[in-house]
Amino acid sequence: MLDVIKPATPIAPSLDEKALARALSGRHFIGGRFVAPLSGGTFAVVNPATGIEVGHAADGDAADVDVAVLDAARAQKEWAKMPARKRGALVAKCAAVIREHVEELARLIALETGKALRTESRVEANTVADVLEFFGGLGSELKGESVPFAPGVLSVTVREPLGVVGAIIPWNVPLLLMSLKIAPALVAGNTIVVKSAEEAPLTVLRICELMARVLPAGCFNMLSGFGPECGGPLVAHPLVRKVTFTGSVEVGRIIARAAAEKLIPTTLELGGKSPMLVFADCDFEKTVTGAVTSMRFTRQGQSCTAASRIYVERAIFDRFVAAVGDRVDAMVMGDPLDEKTDIGTMISAEQFGKVRGFIEEGQATQGATGRACSRLPDDPALSKGLFIQPYIFTGLPDDSRLVRQEIFGPVTCVFPFDDVEAVLAEANDSEYGLAASVWTNNLKVGLDLAHRLEAGLVQINQNLVVQANLSYGGVKSSGLGKEASLESMLEHFMHKKTIMVNYS
Ligand code: NAI
Ligand code: MG
């Protein structure tokens, strides 16, 4: 039997993120309630800015997965009977509850992920409400078609939900990525079991509890735990009829193989090595700003769409590299919860070590130069914090690991170019194909490149990334299928049934 824990979380918004982290500790969220893991095991949640433990998370395994999936399967029968427009209205109502709690969610994300409150965490918390609002309005859009067949035969397609959706999310933007999975899944009439990331299990639990104030119990469930022990059984569970995943290419492949065994659909949002092509005729200042924001230095570069390869036309190369460096240099690194802070920390000691390894390799590469920007904080309370100075590398050879692999840290590589065809070939010479951008005032060049760049998303003279109504997802090793948008909800969270009536 599950040990049901009475909610210790406050009804009103709480701006005491540490108290909230403690209150959310050691639980899954199943069937609309907080429950302890069946094994009783937990693991530590550490504030990456201080190294101090702020809470602990339930260590979920196959037994917890089974309880959650069975509960979700029971709830799905009723949920799917509800008129779609009403399901949407309830999801939109969740957005309103979340809006009232944006500030506390933002503080909690900053605490557990080290992402700066002003530049990252608050933005993420607001976007979650936007996503739920958008999908909440789409309940009436789950339409099928009528198909010409023969005289005396009416042939139509209707869309039906898939059943229980399993979602596995990462730590870099946990709330936003969760919302992009749960909102379309729910509006489409599915129920969902989410497996949170080991490094960021608490804020997503809080959002479950907020949503449960509006939605029927069991519609969505949240488990924490490790990948193979908790994520693996979720993908393999016979009642899970679709898996949606965001994370590494390596794990994406594991999930695709497991889903193939069951012959269920998957959506995979994986890594990137997104190129940015800068032409000499660009709007210089706007493009410098674009490079800094595209590279997501405010998030320590922990973004799948980070502009980690920047190609600049030779005439402005030196000036551009210097201007980007100066801009990043002026950014303030420090306590993620401080409003003055632009850049917070890396997520974990593991990612910190991995990124430091790339930087050291770049520094040791003959002919390469790495400019370290901004300054490490000098506050003794942050001395154990996982802060890394952003690096801008020039002079790296094409075959450098820094140029080929996803670093997922504040490191970008800049190269000069002379020829459009050559730079296009270089930009496309990557196993990844998530996003790309072109910066030029010559729209003929920009549009031609936009059509020929191998990426799921190409932007000209801007770097806005995810918005709920835009399809988002990569080609090549960057993923399979699209997230966000009406069409991704229809294609990836529903199936089409054909119904034929012979009235002749
Ligand atoms: P990961 O892919 O190992 O973890 C992502 C999620 O998958 C987590 O919830 C994890 O518990 C789960 N998972 C891990 N192994 C699993 C398995 N065998 N079965 C089911 N679920 C499993 O990513 P990680 O270790 O956090 O980061 C490694 C690298 O992945 C990063 O350096 C970055 O390059 C990339 N990454 C990309 C992201 C993106 O937005 N596309 C997000 C996070 C990481
Ligand atoms: Mg991993």
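If you're wondering where the values come from, they're calculated on a predicted model, not measured in any experiment.

**Section: the packing of aromatic side chains**
Part 1 of the argument: In total, this model carries nine aromatic pairs according to the counting rule given.
Part 2 of the argument: With a centroid separation of 5.1 Å and 75° between ring planes, the pair formed by Phe 279 and Phe 417 is classed as edge-to-face. You can see Phe 279 sitting in the loop between strand S12 (275-278) and helix H10 (284-294) and its partner Phe 417 sitting in strand S16 (residues 411-417), a full 138 residues away along the chain. Take Phe 279 and Phe 417: they sit in the same class, and that class is buried.
Part 3 of the argument: With 5.1 Å between their ring centres and 20° between their planes, Tyr 311 and Phe 415 make a pair best called stacked.

**Here we look at the pattern of salt bridges**
Part 1 of the argument: All told, the structure shown has 30 salt bridges when counted by the stated rule.
Part 2 of the argument: For the salt bridge of Glu 120 with Arg 299, the shortest nitrogen-to-oxygen distance reads 3.0 Å. Remark: Arg 299 occurs in the loop between H10 and strand S13 (309-313) and Glu 120 occurs in helix H5 (residues 117-136); sequence separation between them is 179 residues. For the pair Glu 120 and Arg 299, a shared accessibility class is recorded, and that class is buried.

**Regarding the site of ligand 1**
Part 1 of the argument: Of all residues adjacent to ligand 1, which total 25 residues, the nearest are Trp 171, Lys 195, Ser 248, Lys 354 and Glu 406.
Part 2 of the argument: At 3.4 Å, a backbone N or O of Gly 247 approaches a nitrogen atom of ligand 1.
Part 3 of the argument: Lys 354 is positioned with one of its side-chain polar atoms (N or O) 2.4 Å from an oxygen atom of ligand 1.
Part 4 of the argument: The fraction of the free accessible surface of ligand 1 (810 Å²) that becomes covered by protein chains is 89%.
Part 5 of the argument: Of all elements in the fold, only helix H8 (227-236), strand S10 (240-246) and helix H12 (349-363) reach the threshold of two or more residues within the shell around ligand 1.
Part 6 of the argument: With four residues, H8 is the single largest residue contributor to the shell around ligand 1.
Part 7 of the argument: Here the residues of the shell around ligand 1 sort into 11 nonpolar, nine polar and five charged.
Part 8 of the argument: The two domains that each donate at least three residues to the shell around ligand 1 are domain 1 (19-270) and domain 2 (274-476).

**Quick notes on the sheet that holds strand S15 (residues 391-394)**
Part 1 of the argument: Pairing is mixed across the open sheet formed by seven strands, whose spatial order is S14-S15-S16-S13-S12-S18-S19. Either end of the sheet is taken by a strand with one partner, and the two such strands are strand S14 (369-372) and strand S19 (457-460). Each neighbouring strand pair of the sheet contributes to a mean axis angle of 20°, computed without reference to strand direction.
Part 2 of the argument: As paired elements, S12 and S13 share four bridges and run parallel to each other. Note on S13: the bridge partner recorded for Met 276 is Ile 310.

The rules behind these values
Residues numbered from 1 in each chain as written. Chains lettered and ligands numbered in written order. Predicted model: local features only at pLDDT ≥ 70, side-chain atom pairs only at ≥ 80, totals over all residues. Heavy atoms only, no water. Phe/Tyr/Trp six-rings, centres within 6.5 Å; stacked < 30°, edge-to-face > 60°. Helix = DSSP H or I, 4+ residues; strand = E, 2+ residues; numbered from the N terminus. Buried < 20%, exposed > 50% of the residue type's maximum accessible area, 1.4 Å probe, protein only. Salt bridge = Lys/Arg side-chain N within 4 Å of Asp/Glu carboxyl O. Near = heavy atom within 4 Å. Polar contact = N/O pair within 3.5 Å; in protein donor to acceptor, adjacent residues only side chain to side chain. Areas by Shrake-Rupley, 256 points an atom, 1.4 Å probe, with all protein chains shown as cover. Nonpolar A, V, L, I, M, F, W, Y, C, P; charged D, E, K, R; others polar. Domains from an automatic or database assignment. Pairing = 2+ DSSP bridges. Axes fitted to C-alpha atoms, helices over the stretch in contact; angles between N-to-C directions.

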